[in-house]
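Examination of the molecular architecture
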Protein chains: 4
Amino acid sequence: MPLPAPLRGVVPPLCTPLAASGDVDAGSLAASVERMVAAGVHGVFALGSSGEAAYLTDGQRAIVLETVVTAARGRVPVLAGVIDTTTARVLDHARVAVEAGADALVATAPFYTRTHPVEVADHFRRIRAGARLPLFAYDIPSAVHTKLPRATVLELAADGTLAGLKDSSGEDGSLRRLLVSLRERGLDASFSVLTGSELTVDGALLAGAHGVVPGLGNVDPAGYVRLYEAATAGRWSTAAREQDRLAALFSMTDAGDEAAMGRSSSALGAFKAALHLLGVIDCPATAAPQVALDDTAVRTVKESLVAAGLL
Amino acid sequence: MPLPAPLRGVVPPLCTPLAASGDVDAGSLAASVERMVAAGVHGVFALGSSGEAAYLTDGQRAIVLETVVTAARGRVPVLAGVIDTTTARVLDHARVAVEAGADALVATAPFYTRTHPVEVADHFRRIRAGARLPLFAYDIPSAVHTKLPRATVLELAADGTLAGLKDSSGEDGSLRRLLVSLRERGLDASFSVLTGSELTVDGALLAGAHGVVPGLGNVDPAGYVRLYEAATAGRWSTAAREQDRLAALFSMTDAGDEAAMGRSSSALGAFKAALHLLGVIDCPATAAPQVALDDTAVRTVKESLVAAGLL
Amino acid sequence: MPLPAPLRGVVPPLCTPLAASGDVDAGSLAASVERMVAAGVHGVFALGSSGEAAYLTDGQRAIVLETVVTAARGRVPVLAGVIDTTTARVLDHARVAVEAGADALVATAPFYTRTHPVEVADHFRRIRAGARLPLFAYDIPSAVHTKLPRATVLELAADGTLAGLKDSSGEDGSLRRLLVSLRERGLDASFSVLTGSELTVDGALLAGAHGVVPGLGNVDPAGYVRLYEAATAGRWSTAAREQDRLAALFSMTDAGDEAAMGRSSSALGAFKAALHLLGVIDCPATAAPQVALDDTAVRTVKESLVAAGLL
Amino acid sequence: MPLPAPLRGVVPPLCTPLAASGDVDAGSLAASVERMVAAGVHGVFALGSSGEAAYLTDGQRAIVLETVVTAARGRVPVLAGVIDTTTARVLDHARVAVEAGADALVATAPFYTRTHPVEVADHFRRIRAGARLPLFAYDIPSAVHTKLPRATVLELAADGTLAGLKDSSGEDGSLRRLLVSLRERGLDASFSVLTGSELTVDGALLAGAHGVVPGLGNVDPAGYVRLYEAATAGRWSTAAREQDRLAALFSMTDAGDEAAMGRSSSALGAFKAALHLLGVIDCPATAAPQVALDDTAVRTVKESLVAAGLL
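Residues numbered from 1 in each chain as written. Chains lettered and ligands numbered in written order. Predicted model: local features only at pLDDT ≥ 70, side-chain atom pairs only at ≥ 80, totals over all residues. Heavy atoms only, no water.

This brings us to the sheet that holds strand β2 (residues 44-46) of chain B. All names here are of chain B. One open sheet holds the eight strands; their spatial order is β1-β8-β7-β6-β5-β4-β3-β2, and the pairing between them is parallel. Whereas interior strands pair on both sides, the edge strands pair on one side only; in this sheet they are β1 (9-10) and β2. Looking at chain direction, strand β5 (residues 135-139) and strand β6 (residues 164-167) are connected through four bridges and run parallel. Paired with A137 across the bridge in β6 is L165. (Pairing = 2+ DSSP bridges. Helix = DSSP H or I, 4+ residues; strand = E, 2+ residues; numbered from the N terminus.)

Right under this line is the structure:
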């Protein structure tokens, strides 16, 4: 489905179900998409950080995109992550995404290499020119180790390079300044600002953000849809209560033993364990070399689901 | 005035007016306090980062505290920053603050030295035991280069070491998780969470924060009081509009030339230039070795004040 | 040529010459390899950071490896960078490198994703098991944003996972502790430690390092060979003087205007400008979106070459 | 004793012995100084990071300086750390140091506050002008979170603001470039570069550094004097062997349990435990809130001393 401008609403970054063999489990992925659409989400984002894009081969990435586009059946737009170190490599992914029928691309700033704002802007311009699909910038300093400067985003919003921003910086003050600046320039009616901070969605929407890309939305898409609908209806206390419930649910991401595994493995493992416990996916495996959750951690995840009323 | 538990509302971190000589300008400081009280603030915080505490000698710090306590005349509580590298040095400042009549202390985690959560907890416990005044933890990773772990804050809230937290981490997702955890433990009725993120106050209050310590509140205390009052009355759209106006005003902090001076000098210089333009303080000087704003920058500050309806 | 164990000597990380079109210039690359071999280097490293690996598509990477292996003609071992975000993607590159006839692989820790020492160790073990070529760990925190823990390197050296380490961390104190620990365990006779810090090679060799992977060796391979030979002969003052000359030459990496381009673009642009001025490569272009050196910068590079006696 | 220009040799940063009460143990401190002088050190540095300066009150700092100056009896120069957040506070410490009879001052860049190279240069110029003693810049990014730019050091060396640099950045490549630049400008004959990287002293001296400020020199000052003398005599292999022995001894700094205490507490605790085991100081206590070494850790320290031939 063609991308609305600006894109609004809940756009979960899809987890990528894997079989025990490590192969992409297309059936489970399609089931997850179906559950999302049934919950009322406004789009899906494949091959983001929650989708373990950094762990998947090019072959696996292509399977994911084809599966998601097919499963979405044009009911919601499909955003495709084209995450790689620099421009030429991103463009290779973009070609695959276009062929697979994605509706928009999501690219980060260059990483691994050290970069500069002038290069970051040129990077996005080259991707936009080369790929001919609406392009979202993915601001995720925890992964790429630079923050997109507000001036760069404004420049690329004004000249049409970017259709929107997924802000996973966690810097909500900076986000507020961006939203105010976009409004001053009349760009907020076309440029979409989606927060990736799943714990402050009520505040981001109050500040004027257009939507949210919540990793936790894999587990509870309906919760985020309720939160979004309450917010757009001006029922802010209801939105805040829903966000509080989701924030409590988010504690599952700490389930993994801090001494024995990384926080990313713990969070992605928890989302997948939850999807498995909920019967959405067949196998909770994460990609190598991530450490798997142990039984204690899975019990913690289960308790979070029960406490949140999901199980 | 004794500290309410929990402290709620707007508690600006007072700028410290200096004469051209570098001496503390006690008259201007008292005038600024008077203006704050008239605007309806709920407390004042002396010797924070906005107060250039890191730039003031012990002698100057003592003058600041005496001046502020005298000027407040018991109408609002006075929180005193006792910022120093580690416990023993903080306790020396705490003794001065107690003698000056401060109502509460605000201390950071140890800095300069590398530290550990166990040491951070012990640090706050020793300050609390040694100083016998309500104690706020000041979470400011941009200055101390560690983030207060949520578990540590919860532990120190539960055992009575801390009366509250000033969260200047800018990590609003982490703040949300803390607020939810405090509520789960029944601690939100006694422990005060104040955000130091002056651009997301509406969202923080929606999330259940008790108040705000806004550096920009030096320039527009009445604006933050209006924002707080709208939020507590549930008029969230009004609160958001006020926050938007304040976020636009905040752009003054970028007035200084980025190539020629630091961002901290630019922000503190802008606040003082604004207070000078508004007739509140006699001289806009910041402490050495900060670079002063040039005429172009001061014009930018002036334009911000005009645009915000303050001049 | 099969990899000696331990690999010793000067192993330059080859720049990848590009045509103005952006295509790999295989002729210039072969010429650069020939010049290296003539200068007496002990190996070449293709597709490292200096080789702009992060900027090259998979297709370009394959061309580079085939060109280098062909040009080396078995006279020196060819190390192949297999830089990518995580294990499965690295293994895809490793298969290409094996087919191209590389003699060893060089892989970093996972990046983009956050990781953990247990996962890092598993990552290298899986690459070693999957690729069946000697494997070097590439410790480059400026790119991957974690430092390889000494304990992990020792563990992977002891169990035969790693044949060596390329240490581009710049932490020479940490390198010293590693070298002492390897000697205590009798591993220094088989495990190769190569420093990537091109400005402290004399000190690293004095400390027992087996060799060096100098980016600046693209410009002056003979200088690094002289430095290495002086050091192995115990002529330390001569080694230091050569290092001083090379450190002065290294100032070319600052040629690019700091306000207008990144430091990485400046350094890689300077190496390529130097190779172009020296007549080794046909075109000084760097990959998009890197900013190109302007004429002033190229003049600075030229002056460095003249001052170092290379032009 | 007046400071030689340039200062050369071994200048240990003195640990500050404390009694169990937390008070400075002046007797043990004097004994440590006496042992240093007997070992042939070329100066002593009081109130550095190894001296727990950040943990000591102003009263304690004054006692330390008076004790050290008295104990040194003019046989070696006494450098006094004047570590504090910004200029005015540093100048207060400088006045005390001048009165106590220190021979030189050692100051860091501003910390806690964010700063800028222009401000850093002004900071050092104001300290030099205000204190009238030779001034060393203390480059310690792990504590102050900025690195002194090479251009700033060169500027302040050329105009006479600085008498030298203590480089605790661990960036030996950057140090090499500085040394080459100083020599190009003829400044190496007056400006003293002392490395604080105690594990790469042989390499630093080979590169032209004038001396070393080794924390581990508290434990084995004679070892560092032997290393320095071998290096100045051109016996580089001997120097490297001595450095290797000291690097092995340095492993004591990891004695403390990583899960239960910080790395700084572990290192300072190990130095003091060693001094206690060697009979130099009466009590191994470190300042609050540092976690103390447990018995297992103290045994590890003892084994290190035995292995190094010191016990």
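Attention now goes to the interface of chain B and chain D. Tallying the contact residues gives 47 residues for chain B and 47 residues for chain D. When the two sides are added together, the surface that chain B and chain D hide from each other amounts to roughly 3600 Å², 55% of it contributed by carbon and sulfur. Among the residues of chain B in contact with chain D, R89, Y112 and P289 of chain B are the three that bury the most area, contributing 24% of the side total. Our count for the chain B to chain D interface comes out at four salt bridges. (Contact = heavy atoms within 4.5 Å. Buried area = accessible area lost by both parts, 1.4 Å probe. Salt bridge = Lys/Arg side-chain N within 4 Å of Asp/Glu carboxyl O.)

Looking now at the UniProt feature "binding site: pyruvate" (unreviewed entry) in chain A. Within this numbering scheme, the UniProt entry marks V213 of chain A as carrying the feature "binding site: pyruvate" (unreviewed entry). Here V213 of chain A is to be found in the loop between β8 (211-212) and α9 (221-232). (UniProt positions renumbered as here; feature names shortened; annotations may be inferred.)

One frequent convention defines the size of an interface as the accessible area lost when the parts assemble. Taken together, the contacts link 47 residues of chain A with 47 residues of chain C. Of all residues in chain A, R89, Y112 and P289 of chain A give up the largest surface area on contact with chain C, accounting jointly for 24% of the area buried on that side. Counting across the chain A and chain C interface gives four salt bridges. Taken together, chain A and chain C are joined by 22 residue pairs in polar contact (both at pLDDT 80 or more). For the side of chain A that touches chain C, the secondary-structure elements that each account for two or more residues are α2 (58-72), α3 (87-100), α4 (117-131), α5 (141-144) and α11 (263-277) of chain A. Here the side of chain A that touches chain C is built from residues that sort into 19 nonpolar, 17 polar and eleven charged. (Polar contact = N/O pair within 3.5 Å; in protein donor to acceptor, adjacent residues only side chain to side chain. Nonpolar A, V, L, I, M, F, W, Y, C, P; charged D, E, K, R; others polar.)

Taken as rigid bodies, chain B and chain D are interconverted by a rotation of 180° and an axial shift of 0.0 Å, the fit giving an RMSD of 0.0 Å. Considering both components of the superposition, the chain copies are consistent with a two-fold axis. When the interface residues of chain B are mapped onto chain D, 100% of them are again interface residues, pointing to one common binding face. (Least-squares fit on C-alpha atoms with pLDDT ≥ 70 in both.)

Below, the discussion takes up the packing of helix α6 (residues 150-158) of chain D against helix α7 (residues 172-184) of chain D. Residues and elements named next belong to chain D. The N-to-C vectors of α6 and α7 enclose an angle of 35°; their axes lie 10 Å apart at closest approach. With respect to the hand of their crossing, α6 and α7 are arranged in right-handed fashion. Residues R150, V153, L154 and A157 of α6 form the contact with α7, whose own contacting residues are S174, R177, L178, S181 and L182. Its residues assigned to classes, the contact of α6 with α7 shows five nonpolar, two polar and two charged. (Axes fitted to C-alpha atoms, helices over the stretch in contact; angles between N-to-C directions. Left-handed = near helix turned anticlockwise from the far one by under 90°.)

Next up on the list: the sheet that holds strand β2 (residues 44-46) of chain C. All names here are of chain C. On the basis of which strands lie adjacent, the open sheet formed by eight strands has the order β1-β8-β7-β6-β5-β4-β3-β2 and parallel pairing. At either margin of the open sheet sits one strand with a lone partner, and together these are β1 (9-10) and β2. One ladder, built from three bridges, connects β2 with strand β3 (residues 78-81); its direction is parallel. Residue pairing across strands places V44 opposite V78, the latter belonging to β3.

Right, let's talk about the environment of Q290 of chain B for a bit. With respect to the helices and strands, the residue Q290 of chain B is situated in the loop between α11 (263-277) and α12 (295-307). Accessibility expressed as a relative area gives 8% for Q290 of chain B, which makes it buried. The spatial distance from the C-alpha of Q290 of chain B to the C-alpha of G262 of chain B is 8.0 Å, given a sequence separation of 28 residues. Once residues lying within four places of it in the same chain are set aside, the contact partners of Q290 of chain B are E52, Y55, S264, S265 and L268 of chain B together with E119 of chain D. Engagement of the side chain of Q290 of chain B in a polar contact is seen with the side chain of E52 of chain B, the distance being 2.9 Å. (Buried < 20%, exposed > 50% of the residue type's maximum accessible area, 1.4 Å probe, protein only.)

Moving on: the relation of the copies chain A and chain C. Relative to chain C, chain A is turned by 180° and slid 0.0 Å along the rotation axis, the superposed coordinates differing by an RMSD of 0.0 Å. The fraction of interface residues of chain A whose copies in chain C are also interface residues reaches 100%, indicating that both copies meet through the same surface.

Here the focus is the side chain of S32 of chain C. Summarising the element assignment, S32 of chain C is placed in helix α1 (residues 26-39). In this structure S32 of chain C touches L14 and V280 of chain C, once residues within four positions along its chain are discounted.

Within this structure, the stated rule accounts for 81 salt bridges over all chains. The partner of R176 of chain C in a salt bridge is D244 of chain D, and the shortest N-O contact between them spans 2.8 Å. One end of the pair, R176 of chain C, is in helix α7 (residues 172-184); the other, D244 of chain D, is in helix α10 (residues 236-250), on a second chain. This pair shows no difference in class: R176 of chain C is buried, exactly as D244 of chain D is.

What follows covers the side chain of D139 of chain B. Residues and elements named next belong to chain B. Along the chain, the position of D139 falls in strand β5. Note on D139: relative accessible area 2%, which makes it buried. Polar side-chain contacts of D139 include one of 2.6 Å to the side chain of K147. Sequence-distant contacts of D139, defined by excluding residues within four places in its chain, comprise T146, K147, L148, L165, K166, D167, S168 and S169.

This part covers the environment of D295 of chain A. All names here are of chain A. Structurally, the position occupied by D295 is in helix α12 (residues 295-307). Exposure remark for D295: the relative accessible area of 61% places this residue in the exposed category. A C-alpha to C-alpha distance of 40 Å links D295 and G164, two positions 131 residues apart in sequence.

This brings us to the state of the cysteines. Residue and element names in this part refer to chain B. For the structure on display, the rule yields zero disulfides over all chains. This cysteine, C283, is not joined by any disulfide, and C15 carries the nearest cysteine sulfur, 13 Å off. Judged by its relative accessible area of 16%, C283 falls in the buried class. (Disulfide = S-S within 2.5 Å.)

Confidence in the prediction of chain A, expressed as mean pLDDT, is 97, and 100% of residues score 70 or more. Here the prediction assigns the complex a pTM of 0.97, and the interface score ipTM is 0.97. (pLDDT = per-residue confidence, 0-100.)

Here the focus is unusual backbone geometry. Geometrically, the link from A5 of chain A to P6 of chain A is a cis peptide bond, its omega value of -5° lying close to zero. One can find P6 of chain A in the segment before β1 (9-10). Positioned with a positive phi, R132 of chain B is a non-glycine residue whose angle comes to about 55°. Inspection of the secondary structure assignment puts R132 of chain B in the loop between α4 (117-131) and β5.

To continue, consider the UniProt feature "active site" (unreviewed entry) in chain A. Feature annotation in UniProt assigns "active site" (unreviewed entry) to the following positions: Y138 and K166 of chain A. Despite a sequence span of 29 residues, these residues sit close together in the fold, their greatest C-alpha distance being 4.8 Å. In this fold, Y138 of chain A is placed in strand β5 (residues 135-139). Apart from residues lying up to four places away in sequence, Y138 of chain A is in contact with F45, G48, S49, I83, V106, A107, T108, A109, K166 and S168 of chain A together with Y112 of chain C.

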